[in-house]
Amino acid sequence: MKKFFIIANWKLNGSKKMIANFFKHLKFHSSTYLKKNTIIIAPPTIYLERVYKNINNMNIMLGAQNIDINLQGAFTGENSVLMLQDIGVKYVIVGHSERRLLHYETDDIIAKKFHLIKKFNLIPILCIGETEIDKKNGQTQTIIKKQLNSIFKKLGKSAFKNTIIAYEPIWAIGTGLSANPEDVQCIHKFIKSYIEKYDLINAEDITVQYGGSINHCNAKKFIEQPDINGFLIGNSSLSSEEFLKIIRIAHDIT
Ligand code: PEP
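Draft legend 1. The arrangement of the site of the ligand in detail. If you check the shell around the ligand, you find 13 residues, and the closest are K11, E168, G174, S213 and G234. With respect to the ligand, the side chain of H96 contributes an N or O atom lying 2.9 Å from an oxygen atom. Residue G174 places a main-chain N or O atom 2.6 Å away from an oxygen atom belonging to the ligand. Protein chains shield 99% of the accessible area of the ligand, which is 290 Å² for the free molecule. For the shell around the ligand, the class distribution of residues is four nonpolar, seven polar and two charged.

Draft legend 2. A look at the side chain of D107. If you trace the backbone, D107 turns up in helix α5 (residues 107–119). Looking at D107, the relative accessible area reads 16%, which means it is buried. Within the structure, the side chain of D107 is placed 2.9 Å from the side chain of K146, a separation counted as a polar contact. Those residues in contact with D107 that sit more than four places away from it in its chain are R100, K146, Q147 and S150.

Draft legend 3. Spatial organisation of the sheet that holds strand β6 (residues 164–167). Spatially, β1-β2-β3-β4-β5-β6-β7-β8 is the arrangement adopted by the eight strands of the closed barrel, whose pairing is parallel. In this sheet, adjacent strand axes meet at a mean angle of 25° when their direction is disregarded. The pairing of β6 with strand β7 (residues 207–211) spans four bridges and is classified as parallel. Within the sheet, the bridge partner assigned to A166 lies in β7 and is Q209.

Draft legend 4. Here's a closer look at the packing of α5 against helix α7 (residues 140–155). Running from N to C, α5 and α7 point in directions that differ by 55°, and their axes come no closer than 9 Å. Taken together, α5 and α7 sit at an angle that is classed as oblique. Crossing hand, α5 versus α7: right-handed. Facing α5, whose interface residues are D107, A111, K112, F114, H115 and K118, α7 presents K146, Q147, S150, I151, K154 and L155. Residue composition of the contact of α5 with α7, by class: four nonpolar, three polar and five charged.

Draft legend 5. Broad picture of the pairing of strand β5 (residues 123–128). Of all six residues in β5, five are buried; the element is thus mostly enclosed. The pairing of β5 with β6 spans four bridges and is classified as parallel. For C127, the partnering residue across the bridge sits in β6 and is A166.

Calculation rules
Residues numbered from 1 in each chain as written. Predicted model: local features only at pLDDT ≥ 70, side-chain atom pairs only at ≥ 80, totals over all residues. Heavy atoms only, no water. Near = heavy atom within 4 Å. Polar contact = N/O pair within 3.5 Å; in protein donor to acceptor, adjacent residues only side chain to side chain. Areas by Shrake-Rupley, 256 points an atom, 1.4 Å probe, with all protein chains shown as cover. Nonpolar A, V, L, I, M, F, W, Y, C, P; charged D, E, K, R; others polar. Helix = DSSP H or I, 4+ residues; strand = E, 2+ residues; numbered from the N terminus. Buried < 20%, exposed > 50% of the residue type's maximum accessible area, 1.4 Å probe, protein only. Contact = heavy atoms within 4.5 Å. Pairing = 2+ DSSP bridges. Axes fitted to C-alpha atoms, helices over the stretch in contact; angles between N-to-C directions. Parallel < 35°, antiparallel > 145°, perpendicular 65-115°, else oblique. Left-handed = near helix turned anticlockwise from the far one by under 90°.

Shown next as structure tokens:
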């Protein structure tokens, strides 16, 4: 039996009304399905406390989508890991491709953020993955190694203890074109063996999620793969009905 991690990344979506309806539905239908696996919701920062109040006694954890590389000071518009910790956040997404591409976050910045998240005892969810062109050029493993190496360079041999990795091929994010589950299984196996080579952690203790157009129709085949340990879900996590369907499928298989 494997433990599965399902993370909702709401990105720049949500409202007070959406949150009220989402949790009303979840509370009514979900109590048995939330117990087995770890469910995390990462809303926009402005709604973190509202979501926190809603998940009380629900077996759902609070996640954040980003942190600043600074802890405090004159950094207008930013949020620090200390502030997130202060309000009950347990998990932080770092290195999402939208931050890499749209906010110009380099591997170095991502490694600094990853380090801060670990330093303050939160759990980083590190997103890695290749573009469509990388895939066509047969560069998937090279890109993944580069992204992992920058974390090793900053944190050394225990870099990946108590962390989650989300393999997210960029071409599959938000496109409706999920990757092939067997291909993802091979890449997850590669990620685990590469980390095991340089880290003190054992492959079976490494959590690697898949992200990219997951929905209730395609979830089953991914969950059945031995090295897929969870999902990072964008679009399908915005509807409580769809999100709950995926949670139920994972509950029945794992
Ligand atoms: C994501 O943004 O991490 C993601 C996987 O999005 P989607 O599920 O919409 O493809």
